[in-house]
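What follows is each chain in one-letter form.
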Amino acid sequence: MHDNHVFTHRFEPGSGPERPPLLLLHGTGGDENDLVPLGRALAPGAALLSPRGPVLENGMPRFFRRLSEGVFDEADLRRRAGDLADFVVEARAAYGIAAPIALGFSNGANIAAATLLLRPEALAGAILIRAMVPLADPPSADLAAKPVLILSGAADPIVPAENAGRLGAMLERAGARVEHHRLPAGHGIGQGDLALARAWIAANAA
Ligand code: MLT
């Protein structure tokens, strides 16, 4: 992993080749350590690839720039999604792993959604927790029946229900196999998310 796409990251090898690896993408202000316990709990034995968001907003790592809360710098997002996809390609070669399933929370879920639309070959599928529509005008992608789990919070102050619904429809139109649950929750991850994500991984990525 030698070129300019290298992200600061953690890698944990899997205990067997049979489980697809997880690409862990943290929320604003997190880092590469945040989601490792969650990944271990949801997919025991899977390899975990966990990069740190390369953009700083007042010292808080993110995966792309935003103009304000919920308003994205889409040119930056497109570029950063490309960098992330390139990083995944390099990490797959360096560590000898299959295409990963993204597990993203908040800002990490948003870049995962953008990567699905811009570089679908980089990911085998995605779990998007509290994601929103990442691009106003996405390219026409072919998601080729990739499985996608969207977990939204009905009381999320950052992601309006209508916006999460549009994301699901957008991914479905692009050919993804979307399962969308709306939990009685806010923006944070709770037990309901864990149960649904665990069941989805067992059904789609075991
Ligand atoms: C974002 O900027 O990606 C969303 O507003 C979610 C967040 O990071 O708060």
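For the structure, see preceding data.
Residues numbered from 1 in each chain as written. Predicted model: local features only at pLDDT ≥ 70, side-chain atom pairs only at ≥ 80, totals over all residues. Heavy atoms only, no water.

S.K.: Where do I start with the sheet that holds strand 10 (residues 147-153) in this structure?
M.R.: Working definition: the strands of a sheet are paired by backbone hydrogen bonds and lie parallel or antiparallel to each other. Pairing is mixed across the open sheet formed by seven strands, whose spatial order is 1-3-2-8-9-10-11. Unpaired on one side and paired on the other, strand 1 (9-12) and strand 11 (177-183) mark the two borders of the sheet. Direction aside, the axes of adjacent strands within the sheet are offset by 15 degrees on average. Looking at chain direction, strand 2 (residues 22-25) and strand 3 (residues 48-51) are connected through two bridges and run parallel. Bridging from a neighbouring strand, L22 pairs with L48 of strand 3. Sheet strands touched by helix 2 (residues 74-95): strand 1, strand 2 and strand 3. Its angle to strand 3, the strand with the most contacts, is close to 140 degrees. (Pairing = 2+ DSSP bridges. Helix = DSSP H or I, 4+ residues; strand = E, 2+ residues; numbered from the N terminus. Axes fitted to C-alpha atoms, helices over the stretch in contact; angles between N-to-C directions. Contact = heavy atoms within 4.5 Å.)

S.K.: How should the packing of aromatic side chains be read in this particular structure?
M.R.: Any aromatic ring pair is given by two values, namely how distant the centres are and how the planes are angled relative to each other. In total, this model carries three aromatic pairs according to the counting rule given. In this structure, R62 is placed above the aromatic ring of F64, and the distance from its NZ or CZ to the ring centre is 5.1 Å. (Phe/Tyr/Trp six-rings, centres within 6.5 Å; stacked < 30°, edge-to-face > 60°. Lys NZ or Arg CZ within 6 Å of the ring centre and 35° of its normal.)

S.K.: Please explain the layout of surface pockets as it appears in this structure.
M.R.: If a probe as big as a water molecule is rolled over the atoms, it shows which places are left empty. Approximately 200 Å³ is the volume attributed to the largest pocket. Lining the largest pocket are 17 residues, with T28, R66, S106, N107 and H187 positioned closest to its centre. (1 Å grid on protein atoms, 1.4 Å probe; cavity = no way out; pocket = protein on both sides within 12 Å on 5 of 7 lines; lining within 4 Å. Points joined across faces, edges and corners; volume = space filled by probe spheres on them.)

S.K.: Looking at this structure, how should I read helix 5 (residues 191-204)?
M.R.: Each α-helix winds once per 3.6 residues, and so residues spaced three or four apart point in a common direction. Its 14 residues give helix 5 an end-to-end C-alpha distance of 20 Å, which sits within 8% of 20 Å, the value for a rise of 1.5 Å per residue. Every buried residue of helix 5 is listed here: D193, L194, A197, W200 and I201. Along the axis of helix 5, the buried positions cluster into a sector of 135 degrees, meaning they face one direction only. Across helix 5 from its buried face, at more than 90 degrees, point the exposed residues Q191, A202 and A203. (Expected span 1.5 Å × (residues − 1). Buried < 20%, exposed > 50% of the residue type's maximum accessible area, 1.4 Å probe, protein only. Arc of directions from axis to C-beta.)

S.K.: Would you explain the site of the ligand in this entry?
M.R.: Near the ligand the following residues occur: T28, R62, F64, R66, G70, F72, S106, N107, N110 and I158. Relative to its free-state accessible area of 260 Å², the ligand is covered by the protein chains to the extent of 95%. With respect to the pocket detection grid, the ligand is positioned in the largest pocket. A class-by-class count of the residues in the shell around the ligand yields three nonpolar, five polar and two charged. (Near = heavy atom within 4 Å. Areas by Shrake-Rupley, 256 points an atom, 1.4 Å probe, with all protein chains shown as cover. Sits in = over half its atoms within 2 Å of the grid points. Nonpolar A, V, L, I, M, F, W, Y, C, P; charged D, E, K, R; others polar.)

S.K.: Sorry, what's going on with unusual backbone geometry here?
M.R.: In terms of backbone geometry, most residues other than glycine have negative phi values and most peptide bonds are trans. Located in the positive-phi region is S106, a residue other than glycine, with phi close to 55 degrees. Relative to the helices and strands, S106 resides in the loop between strand 8 (101-105) and helix 3 (107-118). S106 sits in the buried class, given a relative accessible area of 13%. For A144, which is not glycine, the phi dihedral falls at a positive 45 degrees.

S.K.: Help me understand the pattern of salt bridges in this model?
M.R.: Between side chains of opposite charge, pairing is possible as soon as their charged atoms come close. Taken as a whole and judged by the stated rule, the model has eleven salt bridges. Close ionic contact of E32 with R52 constitutes a salt bridge, the shortest N to O distance being 2.8 Å. On the criterion of sequence distance, the pair formed by E32 in the loop between strand 2 and helix 1 (36-42) and R52 in the loop between strand 3 and strand 4 (55-57) is long-range, its members being 20 residues apart. When the shortest N-O distance is used, the salt bridge between D76 and R65 registers 3.8 Å. Highlighted residues: D76 in helix 2 and R65 in the loop between strand 5 (60-62) and strand 6 (66-68), separated in sequence by eleven residues. Through salt bridges with shared partners, a single network forms among R10, E12 and R40. (Salt bridge = Lys/Arg side-chain N within 4 Å of Asp/Glu carboxyl O.)

S.K.: Which parts of the structure should I look at to understand the packing of helix 2 against helix 3?
M.R.: Any two packed helices are characterised by the angle at which their axes cross and by the distance between the axes. Relative orientation of the contacting elements helix 2 and helix 3 amounts to 80 degrees, with a least axis distance of 9 Å. As judged from the angle between their axes, helix 2 and helix 3 are roughly perpendicular. Across the interface between the two elements, L77, R78, R80, A81, L84 and A85 from helix 2 touch I111, A114, T115 and L118 from helix 3. Tallied by class, the residues present in the contact of helix 2 with helix 3 amount to seven nonpolar, one polar and two charged. (Parallel < 35°, antiparallel > 145°, perpendicular 65-115°, else oblique.)

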